[in-house]
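Okay, here's what each chain looks like letter by letter:
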Amino acid sequence: MRENCKNKALLELIEACPNLIEKLYGKGRRDLIESYDLVLGDYNMSFGTIPPSDKGKSWGYYYRIDGEKHVLDDGVMLKTKAEAQLAAVNDTRYILENTVKTTGKPVHRD
């Protein structure tokens, strides 16, 4: 079975995002990564993981913000689905935090 990332690992990654953490707990899911997915959807964003195409290859991930899709699946060296999830969260966490606390529309950091 391909396991989701642990709640503790996700919280450590987003500890500087209090508005986002509040939204995650508001979703009431046991796995915070599921809540993260739901919060992204609330703001017209998404993410996902890409399983390795061959045994021994690495996982990839993608995320979509403002209809623009970013795919990272080559050379990212992620060994598990959980690592891919955390990498996607890492790339989207501050944009989502700023979006939650401001306009409700994606706010890109410069």
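The following paragraphs examine the structure supplied in this document. (Residues numbered from 1 in each chain as written. Predicted model: local features only at pLDDT ≥ 70, side-chain atom pairs only at ≥ 80, totals over all residues. Heavy atoms only, no water.)

**Notes on the sheet that holds strand S2 (residues 60-65)**
Stated precisely, the cut-off is as follows: Should DSSP find at least two bridges between two strands, the strands are regarded as paired. Counting from the N terminus, the helices are the DSSP runs of H or I reaching at least four residues and the strands are the DSSP runs of E reaching at least two. Inter-axis angles, ranging from 0 to 180 degrees, are taken between N-to-C directions of lines fitted to C-alpha atoms, where helices are fitted over the stretch in contact. Pairs of residues are marked as contacts when any of their non-hydrogen atoms sit within 4.5 Å.
With respect to topology, three strands assemble into an open sheet ordered S1-S2-S3, the strand pairing being antiparallel. Edge positions in the open sheet fall to strand S1 (45-50) and strand S3 (68-72), since each of these has one partner strand only. Along the sheet, successive strands turn relative to each other by an average axial angle of 10°, direction set aside. Bridge analysis of S1 against S2 gives six bridges, and the strand direction is antiparallel. Residue pairing in the sheet places Ser46 in a bridge with Arg64 of S2. Packing against the sheet, helix H4 (residues 81-101) makes contact with S1, S2 and S3, and its axis sits at approximately 20° to S2.

**Some remarks on the packing of helix H3 (residues 32-42) against H4**
To keep things clear, this is the line we draw: Oblique is the label for any angle not under 35 degrees, not over 145, and not in the 65 to 115 range, which are roughly parallel, roughly antiparallel and roughly perpendicular in turn. Take the far helix as the reference: if the near one is turned anticlockwise from it by less than a right angle, the crossing is left-handed, and if turned clockwise, right-handed. All residues other than Ala, Val, Leu, Ile, Met, Phe, Trp, Tyr, Cys, Pro, Asp, Glu, Lys and Arg, Gly among them, are scored as polar; the first ten of these are nonpolar and the last four charged.
Contact geometry of H3 with H4 gives a least axis separation of 11 Å together with a crossing angle of 45°. Between H3 and H4, the interaxial angle falls into the category oblique. The handedness of the crossing between H3 and H4 is left-handed. Facing Ile33, Tyr36, Val39 and Leu40 of H3, the residues of H4 in contact are Gln85, Val89, Thr92, Arg93, Leu96 and Val100. Classifying every residue of the contact of H3 with H4 gives seven nonpolar, two polar and one charged.

**Focus: unusual backbone geometry**
So the rule is basically this: Buried, partly exposed and exposed residues are distinguished by accessible area as a fraction of the type maximum, computed with a 1.4 Å probe on protein chains only: under 20%, between the cut-offs, and over 50%, respectively.
A positive phi angle, near 55°, is found at Asp66, a position not held by glycine. Along the chain, Asp66 turns up in the loop between S2 and S3. Judged by its relative accessible area of 47%, Asp66 falls in the partly exposed class. With a phi angle near 55°, Met77 is a residue other than glycine that sits in the positive phi range. As for its placement among the helices and strands, Met77 is situated in the loop between S3 and H4.

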